[in-house]
Amino acid sequence: VVASRHPLYWVDDHAERRKAIERFFSKSIKPIEKKAIIAQYKVNYILINKSVIKDPQAYYIFGSRVLENNKFILIGVSPGHNS
């Protein structure tokens, strides 16, 4: 987990992590920048909220769908993107 909705007392850089998540899901940054965020936080999964992210296919470049239901898509990050 890169960040949660509510700060956790053992995570010193929570605000920085929240900003990274906002940047990651922004349409204005390039895939290479998203890959850097994945590597920085050693992300293994990307959780897509379908009601918020209208183009989830754009995230399949980082891995493949593990699970999907009517609300969410879980993408497993391929090795090499998170290191």
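Residues numbered from 1 in each chain as written. Predicted model: local features only at pLDDT ≥ 70, side-chain atom pairs only at ≥ 80, totals over all residues. Heavy atoms only, no water.

**Student:** I tried to follow the overall build of the protein on my own but got confused; where do I start?
**Tutor:** When helices and strands are counted, the protein shows two helices and three strands. Starting at the N terminus and ending at the C terminus, the protein contains elements arranged as α-α-β-β-β. Each of the 83 residues in the protein was classed as buried or not, and the buried ones make up 31%. Taking the intrachain contacts of the protein between residues at least 6 apart in sequence as the baseline, contacts between residues at least 24 apart amount to 39%. When the accessible surface of the protein is summed, it comes to about 6,000 Å², and 55% of that surface belongs to carbon and sulfur atoms. (Helix = DSSP H or I, 4+ residues; strand = E, 2+ residues; numbered from the N terminus. Buried < 20%, exposed > 50% of the residue type's maximum accessible area, 1.4 Å probe, protein only. Contact = heavy atoms within 4.5 Å. Areas by Shrake-Rupley, 256 points an atom, 1.4 Å probe, with all protein chains shown as cover.)

**Student:** I would appreciate a short explanation of the pattern of salt bridges in the present structure.
**Tutor:** Side-chain pairs of opposite charge can arise whenever the charged atoms involved come near each other. Counted by the stated rule, this structure contains two salt bridges. When the shortest N-O distance is used, the salt bridge between E68 and K50 registers 2.7 Å. With E68 in strand β2 (residues 63-68) and K50 in the loop between β1 (45-49) and β2, this residue pair connects regions lying 18 residues apart in the sequence. Using a relative accessible area of 26% as the deciding quantity, one classes K50 as partly exposed. R65 is paired through a salt bridge with E68; the nearest N and O atoms lie 3.1 Å apart. One salt-bridge network, held together by shared partners, links K50, R65 and E68. (Salt bridge = Lys/Arg side-chain N within 4 Å of Asp/Glu carboxyl O.)

The analysis is restricted to geometry; functional conclusions fall outside its scope.
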